[in-house]
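# Per-entry structural report
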Amino acid sequence: NAGVMQNPRHLVRRRGQEARLRCSPMKGHSHVYWYRQLPEEGLKFMVYLQKENIIDESGMPKERFSAEFPKEGPSILRIQQVVRGDSAAYFCASPGINTGELFFGEGSRLTVL
Amino acid sequence: AQSVTQPDIHITVSEGASLELRCNYSYGATPYLFWYVQSPGQGLQLLLKYFSGDTLVQGIKGFEAEFKRSQSSFNLRKPSVHWSDAAEYFCAVGPQNTGFQKLVFGTGTRLLVSP
């Protein structure tokens, strides 16, 4: 959905570097979901945030991954010390208001060399 | 545990032929059900959704899906496929009425359309 903006669209990092992915939800929305799509797989839930609060991070890897959604600015998914297995497409989504559906951004594709 | 199974990894259909993509789910209660489509390098677009009521739901681009509670299935259909339908299709389930759209996705079915 064009309303959910993600950047960068493509990011290349070497092993050990940090990756930062940004997401601005649909206008007026204060909740975001992050999903990861590994090659040849479906999307897997990572974390659900509202502004200044993590609601559910049950899908986040225990180490190196963190997410935030500050009062001002976009939500950020941060991956420290990236490894090749982190290569994936990372999608952000805004929930519909009382519709039960998610509106996805176009994703950020991370490649770790 | 909640899960979604899309048993067909790839399907090839001739242009103009009918299409059915299978989806089975395992969930504690009747969930919300969705079909999304993803074109190469793009995000996901919602095709249709089922919340309640009529078990045959109509979506965009001429797609429809039928919810069958007894079979825990939500198969996607289209009577006549167009070349532009070539994409990856994902079935997803989520909890009802919680305001928490933590969707569980299947692994996807890649549709190829032959001339």
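To keep things clear, this report deals only with the structure shown in the data block.

Cut-off values and rules
Residues numbered from 1 in each chain as written. Chains lettered and ligands numbered in written order. Predicted model: local features only at pLDDT ≥ 70, side-chain atom pairs only at ≥ 80, totals over all residues. Heavy atoms only, no water. Helix = DSSP H or I, 4+ residues; strand = E, 2+ residues; numbered from the N terminus. Rg over C-alpha atoms; globule rule 2.2 N^0.38 Å. Contact = heavy atoms within 4.5 Å. Salt bridge = Lys/Arg side-chain N within 4 Å of Asp/Glu carboxyl O. Polar contact = N/O pair within 3.5 Å; in protein donor to acceptor, adjacent residues only side chain to side chain. Core = buried A, V, L, I, M, F, W, Y, C linked by side-chain atoms within 4.5 Å. Buried < 20%, exposed > 50% of the residue type's maximum accessible area, 1.4 Å probe, protein only. Pairing = 2+ DSSP bridges. Axes fitted to C-alpha atoms, helices over the stretch in contact; angles between N-to-C directions. Phe/Tyr/Trp six-rings, centres within 6.5 Å; stacked < 30°, edge-to-face > 60°.

The secondary structure content of chain A amounts to 0 helices and 11 strands. Tracing chain A from N to C terminus, the helices and strands come up as β-β-β-β-β-β-β-β-β-β-β. The C-alpha radius of gyration computed for chain A amounts to 13 Å, which stays within 12% of the reference 13 Å derived for 113 residues, consistent with globular compactness. Overall, chain A is about 40 × 25 × 25 Å in size when its C-alpha atoms are taken along their principal axes. When contacts within chain A are restricted to residue pairs at least 6 apart in sequence, those whose partners lie at least 24 apart make up 50%.

Attention now moves to the interface of chain B and chain A. Of the residues lining the interface, 21 residues belong to chain B; the matching set on chain A comes to 24 residues. Viewed at the interface, chain A and chain B are joined by 1 salt bridge. Among the salt bridges present, the one from B:Lys102 reaches A:Asp56, with a minimum N-O distance of 3.4 Å. Here chain B and chain A share 6 residue pairs in polar contact (both at pLDDT 80 or more) between them. Contributions of two or more residues to the side of chain B that touches chain A are made by strand S5 (32–38) and strand S6 (44–50) of chain B.

Here we come to the nonpolar core. By size, the foremost hydrophobic cluster in this structure holds 26 residues, and its most contacted members are B:Trp35, B:Leu48, B:Phe74, B:Leu76 and B:Tyr89. Taken together, the elements giving at least two residues each to this core come down to strand S2 (10–14), strand S3 (19–21), S5, S6, strand S8 (64–68), strand S9 (73–78), strand S10 (87–94) and strand S12 (109–114) of chain B. If you tally residues by element for this core, the top one is S10(B), at 4 residues. Excluding residues within four positions of it along the chain, B:Leu48 makes contact with B:Leu33, B:Phe34, B:Trp35, B:Val57, B:Gln58, B:Gly59, B:Phe63, B:Glu64, B:Ala65, B:Phe74 and B:Leu76. Among the nonpolar cores identified, the runner-up in size contains 23 residues, and A:Cys23, A:Met60, A:Leu77 and A:Ala88 belong to it.

What follows is about the sheet that holds strand S1 (residues 5–7) of chain A. All names here are of chain A. An order of S1-S3-S8-S7 is seen for the 4 strands of this open sheet, with the pairing classed as antiparallel. What marks the edges here is a single partner per strand, and that holds for S1 and strand S7 (65–68). Each strand axis lies, on average, 15° off the axis of its neighbour in the sheet, ignoring direction. Looking at chain direction, S7 and strand S8 (residues 75–79) are connected through 4 bridges and run antiparallel. Bridging across to S8, Glu68 finds its partner in Ile76.

In this section: the packing of aromatic side chains. On inspection of all chains with the given rule, the structure shows 17 aromatic pairs over all chains. Summarising the aromatic geometry, the rings of A:Tyr35 and B:Phe105 are spaced 5.6 Å apart at their centres and angled 80° between planes, so their arrangement reads as edge-to-face. Taken together, the residues span two chains, with A:Tyr35 in strand S4 (residues 31–37) and B:Phe105 in strand S11 (residues 104–105). For B:Phe105, a relative accessible area of 7% puts it in the buried group. The interplanar angle of 35° and the centroid separation of 6.2 Å between the aromatic rings of B:Phe34 and B:Tyr36 together place this pair among those described as tilted. Like B:Tyr36, B:Phe34 is buried. In textbook terms, an aromatic cluster arises when at least three aromatic residues are bridged by ring pairs, as seen for A:Tyr33, A:Tyr35, A:Phe45, A:Tyr48, A:Phe91, A:Phe104, B:Tyr32, B:Phe34, B:Tyr36, B:Phe51, B:Phe90 and B:Phe105.

Remember, this is a structural readout, not a statement about activity or role.
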